[in-house]
Amino acid sequence: MEDEGFAPFSAAARHEHLRSLPGETWDLLVIGAGITGAAAARDAAGRGLRVALVDAGDVGRGTSSASSRLIHGGIRYLETFEFRLVFEASAERRRLLGLASHLVHPLPFLFPVYRGGPVGYRKLQAGMWLYDGLSLFRNIARHSMLSRARLREEEPGLRTDGLAGAARYFDASVDDARLTLANARGAHEAGAAVVPHAAVVGFLREGGSLVGARVRDCLVPGAEPVEVRARVVINATGPWCDSVRKLADPGAAPRLRPTKGVHVVVPRERIGNRSAVTFRSPVDGRVMFVLPWGEFSYVGTTDT
Ligand SMILES: Cc1cc2nc3c(=O)[nH]c(=O)nc-3n(C[C@H](O)[C@H](O)[C@H](O)COP(=O)(O)OP(=O)(O)OC[C@H]3O[C@@H](n4cnc5c(N)ncnc54)[C@H](O)[C@@H]3O)c2cc1C
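Since the structure is predicted, the reported quantities are computational estimates derived from the model, not experimental observations.

Visitor: Talk me through the pattern of salt bridges; I want residue IDs and the actual numbers.
Guide: This structure, assessed with the given rule, holds 14 salt bridges. Salt-bridge contacts for aspartate 171 lead to arginine 93; the nearest nitrogen and oxygen are separated by 3.0 Å. Taken as a pair, aspartate 171 in strand S6 (residues 163-174) and arginine 93 in helix H3 (residues 83-99) lie far apart in primary sequence, 78 residues in all. Each of the two residues, aspartate 171 as well as arginine 93, counts as buried.

Quick look at the structure:
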């Protein structure tokens, strides 16, 4: 095997990196190895910065392994006129389909329309052109409109009462945990010290400035925290963000208003869907998905 110039991403490397944490002043300490922290660490290390990335648990153990596994173009944000967001999300999706084609895959969606529903056939069609336009007509494929008869052939499990037709559009699915891990490995390969199972339990302050953190090895019961000095610290702890901020300032007011998402996972044969399907909740009209994942279907939304 060729010498790739870096030690394998392994338990031994974690041990070495843990020991190296107190040994220097890092350019950047990233707290949290979800997709945000892992990608920030990879990017910074790739630019030549000395980076340490720590996580209280395993890489991606938080939200980043429990998502709906979509690389969204953000079609539902068209309703709220967030065109810039859709433009950016479409560009990022294109980038990821190229950069991580082993983890990010095209996913066709059907958006059925029912007579008397909140989105009419013509409005949906206009939205689809806008969606394709905001991806500069470089999405996986352009949308198409399906007649009721065609839709019944393609997705026979749909309720047919009032069914007017559907749009087919493209998004992408991702193995979220593996994409996060790939970013952490990328950070490691670019020279970052990646240390899972190492929690930040406090911060270091000098003259009113934050100059690092106290990090405890979570694999050794009763381990004493080590001091890790850094010029810049990123708090990438997602839903734990406020509790980590409180370690630096116990009086810090919360900045997050946490939300919760629920997915119901059922054997796919129980629903019988062939594509991913977008629909509106009959209870409050919010957009929901039925997503195929191997033998299973996920039913739900990111915001319950
Ligand atoms: C139900 C649901 C579905 C979603 N679906 C999608 C989707 O389909 N597509 C999409 O793009 N986005 C989706 N999202 C959003 C996306 O999942 C999140 O934006 C993203 O995963 C957040 O990543 P993160 O790295 O910021 O946080 P997290 O992945 O939660 O990572 C935070 C990390 O911080 C670590 N940590 C906490 N405290 C400490 C500490 N003291 N010291 C060290 N480490 C610590 C945790 O162990 C954790 O690993 C969804 C979100 C939800 C809730």
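Visitor: Hey, could you go over the packing of helix H2 (residues 35-46) against helix H6 (residues 176-189) for me, with residue numbers and the actual values?
Guide: Close contact between H2 and H6 brings their axes to 8 Å; oriented N to C, the two are set at 30°. The angle between H2 and H6 falls in the class roughly parallel. Here H2 and H6 pass one another in a crossing that is left-handed. Contact with H2, carried on its side by Ile35, Ala38, Ala39, Ala41, Arg42 and Ala45, involves Leu179, Thr180, Asn183, Ala184, Gly186 and Ala187 of H6 and no other residues of that element. In terms of residue class, the contact of H2 with H6 is made up of eight nonpolar, three polar and one charged.

Visitor: Account for the side chain of glutamate 154, naming residues and giving values.
Guide: Mapped onto the elements of the fold, glutamate 154 is located in helix H5 (residues 148-154). A polar atom in the side chain of glutamate 154 sits 2.9 Å from the side chain of arginine 150. For glutamate 154, the side chain forms a polar contact with the side chain of arginine 168, separated by 3.1 Å. The contacts of glutamate 154, once residues within four sequence positions are left out, are Leu146, Arg168 and Arg274.

Basis of the calculations
Residues numbered from 1 in each chain as written. Predicted model: local features only at pLDDT ≥ 70, side-chain atom pairs only at ≥ 80, totals over all residues. Heavy atoms only, no water. Salt bridge = Lys/Arg side-chain N within 4 Å of Asp/Glu carboxyl O. Helix = DSSP H or I, 4+ residues; strand = E, 2+ residues; numbered from the N terminus. Buried < 20%, exposed > 50% of the residue type's maximum accessible area, 1.4 Å probe, protein only. Axes fitted to C-alpha atoms, helices over the stretch in contact; angles between N-to-C directions. Parallel < 35°, antiparallel > 145°, perpendicular 65-115°, else oblique. Left-handed = near helix turned anticlockwise from the far one by under 90°. Contact = heavy atoms within 4.5 Å. Nonpolar A, V, L, I, M, F, W, Y, C, P; charged D, E, K, R; others polar. Polar contact = N/O pair within 3.5 Å; in protein donor to acceptor, adjacent residues only side chain to side chain.

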